[in-house]
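# Architecture at a glance
Here are the chains, one letter per residue:
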Amino acid sequence: QKMKERDARRAAFANRVSIHVRDAPRGLDAESTAKIFKPFGDVARVKLWFANGASPTAVLSMGSAEEAAAAIAMLSGRKLEGCAKPMTITVHKPGNKGDKSKDGEKAKDESESESESAATAALPGPELPVVDVDDEMLAKQKAAMDAAATIAAEVRASRPKRTERRPLSQSSSSERRPLSQSSSS
């Protein structure tokens, strides 16, 4: 019984595809990030870097190649609420951290469509199916964007309010202290 369960978990794990999300919405935790991608399928694992930084990054493990392809097709290039710039979503290739090889530089010199296909073909990884954009996919995209908007509103509401300061020109003269006065006598 336990061996069957273990084999089923291993089979499910083998079908998972990880996606790399650059410029994700700021201030999210793993649970919130998973909520955004949940409309496209099972999100098993989320790893975040620089969640409140200038360029938040995440790696998500999606349930299948189809789910990963749908998330990439429908959200890559979109600027969700909370994003500083549009997200870039690609298939995560383990062991390819900051690889600046000659092949990578060569791909940059080619035209965009050629460099995308060359970069994808050069690196090992799952081949993603083509996603048909239909009403169901558009509904999933809208659900993800709505989730991002809701989460962004929650993040904004949880931040401490800034106290308002009056500009110096509106202060009364009794509140101003000349610079020549010192507090010690």
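Everything numeric in this text was worked out from a predicted model, so none of it was measured.

Quick look at the packing of helix α3 (residues 65-75) against helix α6 (residues 135-158) now. When two helices pack together, you describe them by how their axes are tilted relative to each other and by the distance separating the axes. α6 packs onto α3 with a crossing angle of 70 degrees between their chain directions and a minimal axis gap of 10 Å. By the angle between their axes, α3 is roughly perpendicular relative to α6. Contacts between α3 and α6 involve A70, M74 and L75 on the former and, on the latter, M137, L138, Q141 and A144. Considering only residue class, the contact of α3 with α6 consists of six nonpolar, one polar and no charged.

Here the focus is the side chain of S61. Position of S61 among the secondary structure elements: in strand β3 (residues 57-62). Dropping the residues within four chain positions of it, S61 is found in contact with R16, V17, S18, D42, V43, A44 and R45.

Further remarks concern α6. For α6, built from 24 residues, the straight-helix expectation of 34 Å at 1.5 Å per residue is met to within 8% by its first-to-last C-alpha distance of 35 Å. Of the positions making up α6, those classed as buried are M137, Q141, A144, A147, A148, I151, A152 and V155. Residues of α6 that are buried in the fold lie against α2 (30-37) and α3.

Neighbouring strands of a sheet are bound in pairs by backbone hydrogen bonds; such pairs are parallel or else antiparallel. Pairing within the open sheet is antiparallel, and its four strands lie in the order β2-β3-β1-β4. The open sheet has two free edges, formed respectively by β2 (43-49) and β4 (88-91), since each of these has just one partner strand. Averaged over all neighbouring strand pairs, the angle between strand axes comes to 20 degrees, with direction disregarded. Inspection of the sheet shows strand β1 (residues 17-22) paired to β4 by four bridges, in the antiparallel sense. Residue pairing for β4: V21 is matched across the bridge by I89. Sheet strands touched by α2: β1, β2, β3 and β4. Its angle to β2, the strand with the most contacts, is close to 125 degrees.

The rules we used
- Residues numbered from 1 in each chain as written.
- Predicted model: local features only at pLDDT ≥ 70, side-chain atom pairs only at ≥ 80, totals over all residues.
- Heavy atoms only, no water.
- Axes fitted to C-alpha atoms, helices over the stretch in contact; angles between N-to-C directions.
- Helix = DSSP H or I, 4+ residues; strand = E, 2+ residues; numbered from the N terminus.
- Parallel < 35°, antiparallel > 145°, perpendicular 65-115°, else oblique.
- Contact = heavy atoms within 4.5 Å.
- Nonpolar A, V, L, I, M, F, W, Y, C, P; charged D, E, K, R; others polar.
- Expected span 1.5 Å × (residues − 1).
- Buried < 20%, exposed > 50% of the residue type's maximum accessible area, 1.4 Å probe, protein only.
- Pairing = 2+ DSSP bridges.

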